[in-house]
Every structure is written in C-alpha cells, then in structure tokens.
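The lines below spell out each chain.
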Amino acid sequence: MRARRLSRLAGALAVVALAGCGASKKPEDGTSQAFTTLKDATVTLFPGHCAGVVVEDGRHALTAAHCIDVAPGERQPVVLRSGRMLSGVVKVVDSVRDVAVIRFDEASPVRPLHVATAMPIPGEGLLFFGRTDRPNEPQEVELKRLGRCPSLPGVPQALFTSLTGEKGDSGAPVVDHQLQVVGLVHGGAACSIATPTADMTPVLNTLVAELARPGAGQGVGGSGGAGQ
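Residues numbered from 1 in each chain as written. Predicted model: local features only at pLDDT ≥ 70, side-chain atom pairs only at ≥ 80, totals over all residues. Heavy atoms only, no water.

A. Inspection of the overall build of the chain at higher detail. Along the chain, the regular secondary structure elements total three helices and 13 strands. Taking all 228 residues of the chain together, 47% fall into the buried category. Approximately 11,200 Å² of the chain is accessible, and the part contributed by carbon and sulfur atoms is 56%. (Helix = DSSP H or I, 4+ residues; strand = E, 2+ residues; numbered from the N terminus. Buried < 20%, exposed > 50% of the residue type's maximum accessible area, 1.4 Å probe, protein only. Areas by Shrake-Rupley, 256 points an atom, 1.4 Å probe, with all protein chains shown as cover.)

This is how it looks when you write it as structure tokens:
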C-alpha cells in the first residue's frame, strides 16, 4: 500500500517537473533573432545589382554610392526580402564616402536599423548577411583593422573585416551586436572592405527632420559629396 502511494507521488512529481520544463522553454537564440531582423531590414536595389538597408524612421535606406546609376532627385526602387517593392527617390549620393541615401514614398513595413554614431573598434564582433534575394549564410565576423583603402582615398578609416561577400553585395549592411549599422560593403578582396557610416548620422537626422516640413519631398537633401 505504502509502495503504491510512493509510486503515485513519484508520478505526480514527474508530471509537475515536465510541466515546469515546458513553462521554462529556452528562448530563441539572440543572435538568430538579430540575423532575422538584419535580413528583414536589408533591401535589394531594383534591378537587382546591389543591396541596401532600411534605417532610422523607415522612410530612408542607405546603400553604396557606386550602386546608384541615377542622379539625386531621380527614382530608385528597392525590393524587400518579402518580395514587396518600395519606390523611392535618391536624396544623397556621396561618392567620396561611397554612401547614398534613398527616401521611400511610404514607410517601410520592416523594423528599421539605427546607424551607429561612433566608429567600431578593431577586434569587435560584427554581423553580416548580404543580399537576401539569393542563398546566403549569416556570418559573425571581426573588424580586423581601420585603414585606407585605395578605392576609398577620401575615407581615412575604412573597415577591414573578415566577412566573405560576393559580387553584388555592395551596399549590404555590416552591423554591431546592438544591430546598429556601422558600415556598408564597398568591395576589396572577397568584398571584405566596408565604408563606415557613422558620418552619415547628421545627414540622416536632417533628412528625417525634413519630412516634418511642408513640401519636403520636393527637395534633394544631403551634404558633403552629395550629387557628385
């Protein structure tokens, strides 16, 4: 009799333990979630020849200037990971820093990423995915050093990373572990060099504020090498 009671008690405890395990289900890996957000914010320029990233207010995207074939004020559509197309206008083309800004006609339905206001530090871990319209693997990469790149003579501190990119990944974002955009793929051996984006923060702030003013959509914003 006592043995049966002990057996039932043990069974009840086992059920409680299993229920507890179910209630304490291990959350999804944070890095995996970060890559999902990064992929959702990454866009492909249309026609598909480069990448970009939705930033700040969701009405703007950053990409590489050498990916833009039209003048500021002309249209440049992009395609989201979902396949939805967003139309937009080129607002800034800074060929010195190899950075361009596109303003969408409407807010993007994805979570935009913030742009870091400070340069990353050599040795820092970064995240990269590349174009989302073709098979890619997420990469956790390292910022190896800051230095001059021959094809970016006006940028004293280009980002030399360990990422492995492919042709067409230009303009794809490189982000830190807080999902802040620190650079855009520029090129180099295995597309491992990125142009820093910290200097673009004031320009983006100006463009975001511009939308609050009447008739803002008629002008072409930017500074520095805009329109070059």
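Following the structure, the description resumes.
B. Geometry of the pairing of strand 3 (residues 60–63). Neither face of strand 3 is open: one carries His60 and Leu62, the other Ala61 and Thr63, and all of them are buried. By the bridge criterion, four bridges tie strand 2 (residues 51–55) to strand 3 in an arrangement that is antiparallel. Bridging across to strand 3, valine 53 finds its partner in leucine 62. With antiparallel pairing between neighbouring strands as the criterion, strand 2 and strand 3 make up a hairpin whose turn holds four residues, including glutamate 56 at a positive phi of roughly 55°. As paired strands, strand 3 and strand 7 (residues 99–104) are joined by four bridges and run antiparallel to one another. The residue bridging histidine 60 from the neighbouring strand is arginine 103, located in strand 7. (Pairing = 2+ DSSP bridges.)

C. Structural view of the state of the cysteines. Applying the stated criterion across every chain yields a total of one disulfide. Note on cysteine connectivity: cysteine 50 is disulfide-linked to cysteine 67, with sulfurs 2.1 Å apart. Disulfide cysteine 50 to cysteine 67: torsion about the S-S bond roughly -75°, handedness left-handed. Here cysteine 50, found in the loop between strand 1 (42–45) and strand 2, pairs with cysteine 67, found in the loop between strand 3 and strand 4 (78–79); they are 17 residues apart in sequence, far enough to count as distant. Across the pair, cysteine 67 and cysteine 50 agree in class, each one buried. Not part of a disulfide, cysteine 191 finds its nearest cysteine sulfur in cysteine 50, a span of 9.8 Å. (Disulfide = S-S within 2.5 Å.)

D. Here's a closer look at helix 3 (residues 201–210). Along helix 3, the residues classified as buried are Thr201, Val203, Leu204, Leu207 and Glu210. Where the residues of helix 3 are buried, they touch strand 2, strand 3, strand 6 (88–94) and strand 7. (Contact = heavy atoms within 4.5 Å.)

E. Fine view of the environment of leucine 62. Within the secondary structure, leucine 62 is located in strand 3. A relative accessible area of 0% places leucine 62 in the buried class. Sequence spacing of leucine 62 and valine 99 is 37 residues, and the spatial spacing of their C-alpha atoms is 6.9 Å. Residues in contact with leucine 62, not counting those within four places in the same chain, are Gly52, Val53, Val55, Val99, Ala100, Val101, Val115, Gly171, Leu184, Thr197, Met200 and Leu204.

F. A look at unusual backbone geometry. Put simply, phenylalanine 46 and proline 47 share a cis peptide bond, and its omega is -5°. Tracing the chain through its elements places proline 47 in the loop between strand 1 and strand 2. One non-glycine residue, aspartate 98, lies in the positive phi region at around 60°. Secondary-structure assignment places aspartate 98 in the loop between strand 6 and strand 7. Backbone geometry places leucine 179, a non-glycine residue, at a positive phi of 65°. Within the secondary structure layout, leucine 179 lies in the loop between strand 11 (173–175) and strand 12 (181–187).

G. Representation of the sheet that holds strand 9 (residues 139–147). With respect to topology, six strands assemble into a closed barrel ordered 8-9-10-13-12-11, the strand pairing being antiparallel. In this sheet, neighbouring strand axes are inclined to one another by 45° on average, regardless of whether the strands run parallel or antiparallel. Taken together, the four bridges between strand 12 and strand 13 (residues 193–196) define a ladder with antiparallel strand orientation. Note that in strand 13 the partner of leucine 184 across the bridge is threonine 195. (Axes fitted to C-alpha atoms, helices over the stretch in contact; angles between N-to-C directions.)

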